[in-house]
Amino acid sequence: MNGEVIFCPKWHRAFWFLLFAVPCFLHAGEAEITCRSCQPGSKWRGKELLLKFHTSESATGFRGQVFGNSERRFGAASAETPRLSCAVGSAECARARVEYPETSLKRNTRDLRAKGELGQSEFTQMKVSNVSTSGQKKNGRVEGVRRRARRNSHGDKLGSPRSAQNQDRGEATGTVAGRRVTRSELRWSGEERRAAGPRQEELKLNSSTFALTGDSSHNQAMVHWSGQNSSVILMLTKLFDFNLNSVTESSLWRSTDYGATYQKLNDKVGAKTILSYLYVSPNNKRKIMLLTDPEVESSLLISSDEGATYQKYRLNFYILSLLFHPEQEDWILAYSHDQKLYSSVEFGRRWQLVHERVAPNRFYWSKMGLDKEPGLIHLETSITEGQALYVTCKLQNCTDANKGKPFPGYIDPNSLVVQDEYVFVQVSAGGRPIYYVSAKRDVFTPMKLPKYTLPKDLHVISTDENRVVAAVREWNQNETYNLYVSDTSGVYYTLALENVVSSMGPEGNVMVDLYEVAGIKGMFLANKRTDNQVKTYITYNRGRDWRLLQAPSKDLRGNSIHCVLPYCSLHLHLHVSANPYTSGNIASRDSAPGIIVASGSIGAELTTSNVSVFITSDAGNTWRQIFDEEYAVLYLDQGGALVAIRHTPLPIRHLWLSFDEGRQWNKYSFTNTPLFVDGVLGEPGEETLIMTIFGHVSHRSEWQLVKIDFRSIFNRRCIEADYQTWHLHNQGEPCLMGVKRIYRKLKPTSRCVMGKTYSVTMTSAPCDCTEADFECDYGFERRTDGKCTPAFWFHPSSMSRSCTTGMTFLNSTGYRKVVSNNCTAGVSAEYTARRQQCPIQAPKGLHLVTSEGSLTAVLGTNVTFLVFLEEGDGARTSITLDFGDGHALTYSNVSSIEDGIKHIYKAVGIYRVTATGENSLGSETAMLYLHVTCQLEYIHLSAPFVAVRNKEVNLTAVLWPSQVGTVTYIWWIGNNTEQPVITLEGSVAYTFSREGINTVTVQVSAGNTILQDRKTIAVHEYFRSHLLAFSSNLDEHNPDIAEWRLDVSRVIKNSLIQATGVREDQLLVTVLPGLPTAAEFFLLPDKQITEGKPEKSSAHLDQLSELLLSALNQNLVQFTLRPGVQVTVYAAHLSAGCMKPHVHVKFSTELPTYIV
């Protein structure tokens, strides 16, 4: 799952550019376009278009329309580590954020992390993450997408099926499958070559073309169209050097006539200034912000007059992302490359540091009506690699004294999601994640999925309409997700749909095949895997009921289609594909309820071959085929007309128009010279009567901007007679979501302009409630007969755990009304939860955990214990918590300890912590064993320097501090290097059976710390040892560290050899730790002389001892420690024993070493 819980703001619609066939996602505030030929894997990088536009909508999204994929296909954040993430959320799904790093043009999915971000164990990597929706609005958060794209060009593979419409005469046609197409092969047909000469009368659109002269080398572009009745368009073109990974040239263009002409503004921003990004205030489109390339200079250029003039301001940090306030147009949060969060209340003119060590994309603005003040910031700050904190602080006063900590304890990194009225965090305990939710900024409560869900990956897809929708990959799933919906508290979840298909996005984020239809509340489309086949299902009541799509009855040619449910149906592509030649377009609009355009196939399952384009005018009840190859469709005039452009890498000069909801299509030319299309941008807003096509006539030409004004093809304004009523229904059933809805729509036969004043009107009347208006409540499952019955693991009585004696509670009937369902009367009383008196019962289901979910604690730090009671009168049940160290506390009721109970342990150890809940009817006890530890700082191995063969010696690991908690010792002794000895004690006894040098290694494991020490031991049959002392001046220069003792030991040995002539292999010397400075030497017999006989060995060692002692007593052994410091070595003591070794074992902070 690092996978990260991926959470997002509401499923609002953003708009997609068609980079000819590449659907690119537009983030709030700006959008980028790329073309097919620029996709990864294609070698040619000549002309790359990255069109980014700003529209007139609020911070929550775009109003501009673009060709390509539509609004609401859901995804999850990065799949590195599962988190509460956003393939619908976080910074990914969060509000108006501008991201620098290279990302694909889709909504991320910041990873609840069970982040599907997979890589460690299936459970330990789960995180809370925001799940992103395709085309979703991002309340204020602007993602600066830097996906590298190239223009349509040679190098593309051609293989689209031919349209059933008459093939565009005068446009390039043909299919070249399975090979690269060179530029010379992209020829116009005979009709197209005659474009400049006399031709038959054809329908033409009112258009004008403008070339961005001088920018032929630029391979990226970003576009902002102000909208709001403004004729201003800004375009930033750039030359991105892929070898240097930076922008080397840029040009800024501005149009004041809807794109008919442009003026170059390089002189106004500085002729040598290199611009990298263009941003716009979501709340005031006149305010423009340009960011320079930080490789050259770090500055902002700010305009308050729609880009006419600019002022430059220096930056002392490198901006990675921006988060605009949803209401205050000048308030911005900026995230830097070094994990620092800055704020500005002057639209970037001045910046102030808010907080350090902030998790990327885990910071959020407060929400009016929920948070206490508008300037509050929610953020996640990193503590250690595996721990983070959720804190709140004031915009311009984020001091420790002003910080709030809404969640008691640490949370998992990258798990904080603040979305609408909900806040989500994740805490891992026992190898599994616990997901917590807070509704309306209330206390945090564990999220309750069905008991044996055991998620590997969890993404929160939506939080609108006062409920949570989550996509969960369960323990037995690999490529699909189950959809769960919550009650209004966000705590209790029930299953909505199983085995929804998912795919991995271009950035490694999870994309879930779920699409919310615009304009029809409660309507969704989803692709579900059944028996290894993917089928498309539709729901009209927020997932309560799903059915297959009825295929069209006839094809384009009028031939009958034999497709009988459930063996055959219509299937739609709901995903945004990273492959520009893979279908995936689907579109719907709020202003055109009931109209959905999508690509798909007919048959037993969804396929990627034989893809056609289909349309429905009655909200999915009936479908019509409109093209038998892929086209991108744009809504004009609030859905009163449709524009289609063919997906092809070839140059084109025509598009198709329909004025009757796709029943008839007419071909129009928009230019005389065929154009390689790189992107199409519609006028911001739902009206969309002006469109700009971005392209080029050759690979080395300047950008060609074709402005198309569709107003000329409409001859009048619509009047009331041009409209009709349309009754929403599901296969004849008019009561959907508890109401009958009647819409006012344009008649298919009317060809008129609805204009900006048009608004969708709907009348509704409530319906009587039926069983279909209710879904199964938490803990209940739907049987094959449709009835909801308790799951085997669920006890309905447990739902009264928050009851207080004398009060009442709602006792579930097993059903709950679907959220936003407005039915009345009918069977409502039968299915609605009934209010009953709270039962008087003994406490049951008492749980005791630490706030971190850990069974370890650090000595001297606060430990927060959380106590939960599943059943019983919480208000009348006292809680006693015994900390196991002689201290205990008693509380009168459970509610008084909702924030946890804190305690500090003063000694290392294992403590039995016991919580007891008690009332007049009984008691319940919960227990945990807490390991209190302190940090292990240092270890050393105490061992003899010389050991006697076949005689047992003691090896001891000495710890500092001596008491650190539960410790494990791992020993490697002598030549036994493969099978270590593992003990819980710090000492072992060992007998060396062979003479020679042996190595002993010990590792000490305490908590997350492992330290190691190693010693060598000389094993001999016989030896003599003597202690040495030194002149007092040596102590003044003794730092008492191992390295110094090793070097001085070597000097002493050499001095002894020089003074006595003893052979080097017969003498060992070691300096002992501590002061005053002392040492010991060991004499070994010469085996050639002694022949291994004890008598000869004793006599030989006596001779050597006398020789060394004589030299020492005559002060013949001296050495120079440093200039002016002459040290004399004395014989301090002669150890006892002739044939036995005298071993000095010393326990100190350092152990002696000896020189062989």
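Definitions and cut-offs
Residues numbered from 1 in each chain as written. Predicted model: local features only at pLDDT ≥ 70, side-chain atom pairs only at ≥ 80, totals over all residues. Heavy atoms only, no water. Helix = DSSP H or I, 4+ residues; strand = E, 2+ residues; numbered from the N terminus. Areas by Shrake-Rupley, 256 points an atom, 1.4 Å probe, with all protein chains shown as cover. Pairing = 2+ DSSP bridges. Axes fitted to C-alpha atoms, helices over the stretch in contact; angles between N-to-C directions. Parallel < 35°, antiparallel > 145°, perpendicular 65-115°, else oblique. Contact = heavy atoms within 4.5 Å. Nonpolar A, V, L, I, M, F, W, Y, C, P; charged D, E, K, R; others polar. Expected span 1.5 Å × (residues − 1). Buried < 20%, exposed > 50% of the residue type's maximum accessible area, 1.4 Å probe, protein only. Arc of directions from axis to C-beta. Phe/Tyr/Trp six-rings, centres within 6.5 Å; stacked < 30°, edge-to-face > 60°. Disulfide = S-S within 2.5 Å. Core = buried A, V, L, I, M, F, W, Y, C linked by side-chain atoms within 4.5 Å. Polar contact = N/O pair within 3.5 Å; in protein donor to acceptor, adjacent residues only side chain to side chain. Salt bridge = Lys/Arg side-chain N within 4 Å of Asp/Glu carboxyl O. pLDDT = per-residue confidence, 0-100.

Enquirer: When you look at the overall build of the protein chain in this model, what are you seeing that I'm missing?
Expert: Helix and strand counts for the protein chain stand at seven helices and 78 strands. Here the protein chain has roughly 44,800 Å² of accessible surface; of this, 49% comes from carbon and sulfur atoms.

Enquirer: Looking at this model, I keep getting lost on the sheet that holds strand β20 (residues 358–365). Mind explaining?
Expert: The strands that make up a sheet pair up through hydrogen bonds in the backbone, lying either parallel or antiparallel. Ordered in space as β20-β21-β22, the three strands form an open sheet in which the pairing is antiparallel. Looking at strand neighbours, the two that pair on one side only are β20 and β22 (387–394), the edges of this open sheet. Taken pair by pair, the neighbouring strands of this sheet meet at an average axis angle of 25°, ignoring direction.

Enquirer: I tried to follow the packing of helix α5 (residues 1042–1060) against helix α7 (residues 1094–1113) on my own but got confused; where do I start?
Expert: Two numbers describe a pair of packed helices, the interaxial angle and the distance between the axes. Contact geometry for α5 and α7: axes closest at 10 Å, N-to-C directions at 100°. Relative to α7, α5 is oriented roughly perpendicular. Across the interface between the two elements, Leu 1056, Ala 1059 and Thr 1060 of α5 pack against Leu 1107, Leu 1108, Ala 1111 and Leu 1112 of α7. The residue inventory of the contact of α5 with α7, partitioned by class, reads six nonpolar, one polar and no charged.

Enquirer: Hey, could you run me through α5 in this one?
Expert: Think of an α-helix as 3.6 residues a turn; residues three or four steps apart then line up on the same face. Compared with the 27 Å implied by 1.5 Å per residue over 19 residues, the 27 Å span of α5 between its first and last C-alpha is a close match. Listed in full, the buried residues belonging to α5 are Trp 1044, Arg 1045, Val 1048, Ser 1049, Ile 1052, Lys 1053, Ser 1055, Leu 1056 and Thr 1060. Down the axis of α5, the sector holding all buried residues measures 165°, keeping them to one side. The exposed set on the far side of α5, more than 90 degrees from its buried face, consists of Glu 1043 and Gln 1058. A positive phi of about 80° marks Gly 1061, the residue just after α5.

Enquirer: Looking at this structure, I do not really get the packing of aromatic side chains. What am I missing?
Expert: Remark: the centre distance and the inter-plane angle together describe each pair of aromatic rings, the angle taken between the planes. Under the criterion given, the structure shown has 31 aromatic pairs. Their ring planes at 35° and their centres at 5.5 Å tell us that Trp 726 and Tyr 743 sit as a pair that is tilted. Of the two residues, Trp 726 is situated in strand β47 (residues 723–727) and Tyr 743 in strand β49 (residues 739–746); the sequence distance between them amounts to 17 residues. Seen from their ring centres, Tyr 905 and Tyr 911 are 4.6 Å apart, and the 35° between their planes marks the pair as tilted. Just as Tyr 905 is buried, Tyr 911 falls in that class too. Pairwise contacts between aromatic rings join Tyr 492, Tyr 778, Phe 780, Trp 793 and Phe 794 into one cluster.

Enquirer: Any chance you could explain α7 here in plain terms?
Expert: With 20 residues, α7 ought to run about 28 Å at 1.5 Å a step, and its terminal C-alpha atoms sit 28 Å apart, in line with that. For α7, the full list of buried residues reads Ser 1097, Ser 1098, His 1100, Leu 1101, Leu 1104, Ser 1105, Leu 1108, Ala 1111 and Leu 1112. Take α7 and look down its axis: the buried residues cluster within an arc of 165°, on one side only. Turned more than 90 degrees away from the buried face of α7 sit Glu 1095, Gln 1103, Glu 1106 and Asn 1113, all of them exposed.

Enquirer: Looking at this model, I keep getting lost on unusual backbone geometry. Mind explaining?
Expert: Excluding glycine, residues mostly have negative phi values, and the peptide bonds linking residues are mostly trans. A cis amide bond, omega 0°, links Leu 565 with the succeeding residue Pro 566. A cis amide bond links Trp 960 to the next residue, Pro 961, at an omega of -5°. Here Pro 961 lies in the loop between β67 (952–960) and β68 (967–973). One non-glycine residue with positive phi stands out, namely Arg 441, at about 65°. The residue Arg 441 is located in the loop between β25 (432–439) and β26 (445–446) in this model. With a relative accessible area of 21%, Arg 441 lands in the partly exposed category. At Asn 499, a position not held by glycine, the phi torsion is positive, near 55°. Assignment of secondary structure puts Asn 499 in strand β30 (residues 493–504).

Enquirer: Whenever I open this one, the state of the cysteines confuses me. Can you help?
Expert: In a disulfide, the sulfur atoms of two cysteines are held together by a covalent bond. Tallied over the entire structure, the rule returns six disulfides. What pairs with Cys 735 in a disulfide is Cys 767, and their sulfur atoms sit 2.1 Å apart. Where Cys 735 bonds to Cys 767 through sulfur, the torsion about that S-S bond is close to -90°, and the disulfide is left-handed. Of the two residues, Cys 735 sits in strand β48 (residues 735–736) while Cys 767 sits in the loop between β50 (762–766) and β51 (774–776), which places them 32 residues apart along the sequence.

Enquirer: Can you walk me through the nonpolar core in this structure?
Expert: It is characteristic of soluble globular proteins that their nonpolar side chains tend to be buried jointly. One finds Tyr 390, Phe 407, Ile 411, Leu 416, Phe 424, Val 425 and Tyr 493 to be the most contacted residues of the largest nonpolar core, which totals 41 residues. At the level of elements, β22, β23 (417–419), β24 (422–429), β25, β27 (457–462), β28 (469–473) and β51 are the ones that each hand at least two residues to this core. At five residues, the largest contribution of residues to this core is made by β24. With sequence-adjacent residues up to four places away left out, Tyr 390 is seen in contact with His 378, Leu 379, Gly 404, Lys 405, Pro 406, Phe 407, Ile 411, Leu 416, Val 423, Val 425 and Phe 444. Met 289, Leu 291, Leu 315 and Phe 347 belong to the second largest nonpolar core, which has 29 residues in total.

Enquirer: In this structure, what is going on with the side chain of Ser 569? I would like to understand it.
Expert: Tracing the chain through its elements places Ser 569 in strand β35 (residues 569–572). For Ser 569, a relative accessible area of 1% gives the class buried. Within the structure, the side chain of Ser 569 is placed 3.3 Å from the side chain of His 571, a separation counted as a polar contact.

Enquirer: Just checking my understanding: could you explain the side chain of Ser 1031 for this structure?
Expert: By the secondary structure assignment, Ser 1031 is in the loop between β73 (1024–1030) and α5. Not counting the four nearest positions on each side in its chain, Ser 1031 is found in contact with Gln 1126, Val 1127, Thr 1128 and Tyr 1130.

Enquirer: It is not clear to me how the pairing of β30 should be interpreted in this structure. Could you clarify?
Expert: Consecutive side chains along a regular strand alternate between the two faces of the sheet. Relative to β30, strand β29 (residues 480–486) is paired through six bridges, and the arrangement is antiparallel. Each bridged residue has a counterpart across the sheet, and for Tyr 484 the counterpart in β30 is Leu 495. Between β29 and β30, which follow one another and run antiparallel, lie six residues, and Gly 490 among them has a positive phi close to 75°. Bridge analysis of β30 against strand β31 (residues 509–516) gives three bridges, and the strand direction is antiparallel.

Enquirer: Sorry, what's going on with the pattern of salt bridges here?
Expert: Side-chain pairs of opposite charge can arise where the charged atoms are in close proximity. Across all of its chains, the model carries 32 salt bridges by this definition. A salt bridge links Arg 663 to Glu 661, with the nearest nitrogen and oxygen atoms 3.2 Å apart. Taking relative accessible area as the criterion, Arg 663 reaches 40% and is therefore assigned partly exposed. For Glu 661, a relative accessible area of 10% gives the class buried. Members of the salt-bridge network, linked through shared partners, are Arg 544, Asp 545, Glu 771 and Arg 782.

Enquirer: Please clarify how the sheet that holds β24 should be interpreted in this entry.
Expert: Ordered by their spatial adjacency, four strands build an open sheet running β23-β24-β25-β26, and the pairing between neighbours is antiparallel. Where the open sheet ends on each side, the last strands, each with one partner, are β23 and β26. Alignment of β25 against β26, held across two bridges, turns out to be antiparallel. Of the residues in β26, the one forming a bridge with Val 437 is Thr 445.

Enquirer: How should I be thinking about the environment of Tyr 758 in this particular structure?
Expert: With respect to the element layout, Tyr 758 can be found in the loop between β49 and β50. With 167 residues separating them along the chain, Tyr 758 and Ser 591 place their C-alpha atoms 8.8 Å apart. Those residues in contact with Tyr 758 that sit more than four places away from it in its chain are Ser 591, Gln 638, Tyr 723 and Arg 744.

Enquirer: When you look at the confidence of the model for the protein chain in this model, what are you seeing that I'm missing?
Expert: Any segment with low pLDDT has predicted coordinates that should not be analysed in fine detail. Mean pLDDT over the protein chain: 77, with 78% of residues reaching 70 or higher. Low pLDDT, under 50, characterises residues 1–73; the stretch is placed with 564 contacts to residues that sit more than four places away or in other chains. Within the model, pLDDT remains below 50 along residues 75–199, and this stretch shows 775 contacts once partners closer than five positions in the same chain are excluded.

Enquirer: Got a minute to help me understand the pairing of strand β75 (residues 1078–1083) in this structure?
Expert: Burial analysis of β75 places five of its six residues in the buried class, the great majority of the element. In the sheet, β73 pairs with β75 via six bridges, with the strands oriented antiparallel. Across the sheet, Ala 1029 pairs through a bridge with Ala 1078, a residue of β75. Connecting strand β74 (residues 1067–1072) to the next strand, β75, in antiparallel fashion are five residues, including Gly 1074 with a positive phi near 95°.

Enquirer: Explanation requested: the environment of Gly 620 in the structure shown.
Expert: Within the element layout of this structure, Gly 620 appears in the loop between β38 (612–616) and β39 (624–627). On the accessibility criterion, Gly 620 (0% relative accessible area) is buried. When neighbours within four sequence positions are excluded, Gly 620 is seen to be in contact with Met 523, Ile 538, Tyr 540, Arg 547 and Leu 549.

Enquirer: Would you take a moment to explain the environment of Tyr 481 for this structure?
Expert: Mapped onto the elements of the fold, Tyr 481 is located in strand β29. Discounting chain neighbours no more than four positions away, the residues touching Tyr 481 are Asp 457, His 459, Ala 471, Val 472, Arg 473, Leu 497, Glu 498, Asn 499, Val 500, Ser 502, Val 510 and Val 512. Among the polar contacts made by the side chain of Tyr 481, one reaches the side chain of Asp 457 at a distance of 2.3 Å.

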